[in-house]
Amino acid sequence: MIALCKSAPDVAQDVDMARDETGLRRFLEPDCAALIWQRETPADVQHWLDRVDPDRLPRGRVIVQPEMIARVLAEFCVMSGLPQGPEQDWLQADVTRLAGAFSSLMAARYLRFRLDVVTTNACRKFHVDAITARLVCTYRGTGTQLGVSRQGETPAHAQTVATGSPLLLRGTRWPTQPASGLLHRSPPIEGTGETRLVLVLDPVTDPGDEVESHLATPAAAPLH
């Protein structure tokens, strides 16, 4: 467990760690605001990902049943021209694995599945998303940053999640109390030449409701 500030009993602020998939269930405990699955991308895959032309990194967003993630991701890779080989096979298998684990944990019939290629300060302000929960995994570049806030103020200290380590976060629609006091943001990278490849998964109950909500609020979803 990581403590980012002094105790704040009226909010959930604990950032816990999991060593494997079975440890993800800790995320469902009331005091757990976030959980990091500590792991590393295989060195050969990370070396490859870090050197792929940014224009050929897969990207896209769709609401889909978890069992369709592999097919959709394969289409994203074809559309982007991502080089084929064992490294692409690993990436597709890993994204599919994370989608299966997260949908099972959240009992989600559908997922909002996003792969974002980020080169700017996409979401530089600390915030909590208006969702139930989210999985974020940065496959290339600097990971998501976390900080504790009791009343919405900018966190005084931040922790950066390691590249390749999936992060599970509560949102404002998490069904139980206490509310999350843990904020996050996309790391400020604009002007550095860095490119990030970020996976984002949200549980979705009714795809129809998601479409109506998007039409009512057409602003782009924040990146992480």
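Structural data are supplied above this passage.
Caption draft 1: Looking closely at unusual backbone geometry. In this structure, Ala 107 takes a positive phi of about 50° despite not being glycine. Here Ala 107 is to be found in the loop between α3 (86-106) and β4 (110-118). Among the residues examined, Ala 107 registers a relative accessible area of 66% and is labelled exposed.

Caption draft 2: The arrangement of the nonpolar core in detail. Within the largest apolar cluster, 40 residues are counted, with the highest numbers of intra-cluster contacts made by Phe 27, Phe 113, Tyr 139 and Leu 199. Mapped onto this core, the elements with two or more residues apiece are β2 (32-37), α1 (43-51), α2 (69-80), α3, β4, β5 (133-140) and β10 (196-204). Discounting residues that sit within four places of it in the chain, Tyr 139 has contacts with Arg 39, Gln 46, Leu 49, Trp 90, Leu 91, Asp 94, Val 95, Leu 98, Thr 163, Leu 197 and Leu 199. Within the second largest apolar cluster, 10 residues are counted, among which are Ile 36, Leu 146, Val 148 and Val 161.

Caption draft 3: View of the sheet that holds β5. Spatial strand order, β1-β2-β8-β5-β10-β4-β3: 7 strands in an open sheet with mixed pairing. Sheet topology places β1 (14-18) and β3 (60-64) at the edges, where each strand pairs with a single neighbour. Going from strand to strand, the sheet's axes swing by 20° on average, the running direction of each strand aside. The sheet contact formed by β1 and β2 spans 5 bridges and is parallel. From the neighbouring strand, Asp 16 faces β2, where its bridge partner is Leu 35.

Caption draft 4: Here's a closer look at the pattern of salt bridges. Tallied over the entire structure, the rule returns 9 salt bridges. Residue Arg 112 pairs with Asp 202 through a salt bridge whose shortest N-O separation is 2.5 Å. Separated by 90 residues along the polypeptide, Arg 112 in strand β4 and Asp 202 in strand β10 bring together distant segments of the chain. Asp 202 shares its class with Arg 112; the two are buried. Taking the shortest distance from any N to any O, the salt bridge between Asp 116 and Arg 114 comes out at 2.9 Å. Each member of the pair, Asp 116 as well as Arg 114, is classed as buried. Shared partners join several salt bridges into a network, and the residues in it are Arg 112, Asp 129, Arg 134 and Asp 202.

Caption draft 5: Molecular detail of the environment of Arg 61. Note on placement: Arg 61 falls in strand β3. For Arg 61, a relative accessible area of 44% translates into the label partly exposed. Sequence separation of Arg 61 and Arg 112 is 51 residues, and the distance between their C-alpha atoms is 7.2 Å. Of note is the side chain of Arg 61, whose polar atom sits 3.0 Å from the side chain of Asp 116.

Caption draft 6: Structural context of α1. Val 45, Gln 46, Trp 48 and Leu 49 are the residues of α1 that are buried. Down the axis of α1, the smallest arc covering the buried residues is 165°, so these residues share one side. Turned more than 90 degrees away from the buried face of α1, the exposed residues are Ala 43, Asp 44 and Arg 51.

Caption draft 7: Structural detail: the sheet that holds strand β9 (residues 182-185). Pairing is antiparallel in the open sheet, where 3 strands are placed in the order β7-β6-β9. Whereas interior strands pair on both sides, the edge strands pair on one side only; in this sheet they are β7 (159-160) and β9. Here 4 bridges tie strand β6 (residues 145-148) to β9, and the two strands are oriented antiparallel to one another. Residue Gly 147 lies in a different strand from β9, and its bridge partner there is Leu 183.

Caption draft 8: The packing of α2 against α3, seen in detail. In the contact formed by α2 and α3, the axes pass within 9 Å of each other and the chain directions differ by 145°. The two elements α2 and α3 cross, and the hand of that crossing is right-handed. Mapping the contact onto sequence places Ile 69, Ala 70, Leu 73, Ala 74 and Cys 77 in α2 and Gln 88, Leu 91, Gln 92, Val 95, Thr 96 and Ala 99 in α3. Partitioned by chemical class, the residues of the contact of α2 with α3 number 8 nonpolar, 3 polar and no charged.

Thresholds, definitions, all that
- Residues numbered from 1 in each chain as written.
- Predicted model: local features only at pLDDT ≥ 70, side-chain atom pairs only at ≥ 80, totals over all residues.
- Heavy atoms only, no water.
- Helix = DSSP H or I, 4+ residues; strand = E, 2+ residues; numbered from the N terminus.
- Buried < 20%, exposed > 50% of the residue type's maximum accessible area, 1.4 Å probe, protein only.
- Core = buried A, V, L, I, M, F, W, Y, C linked by side-chain atoms within 4.5 Å.
- Contact = heavy atoms within 4.5 Å.
- Pairing = 2+ DSSP bridges.
- Axes fitted to C-alpha atoms, helices over the stretch in contact; angles between N-to-C directions.
- Salt bridge = Lys/Arg side-chain N within 4 Å of Asp/Glu carboxyl O.
- Polar contact = N/O pair within 3.5 Å; in protein donor to acceptor, adjacent residues only side chain to side chain.
- Arc of directions from axis to C-beta.
- Left-handed = near helix turned anticlockwise from the far one by under 90°.
- Nonpolar A, V, L, I, M, F, W, Y, C, P; charged D, E, K, R; others polar.

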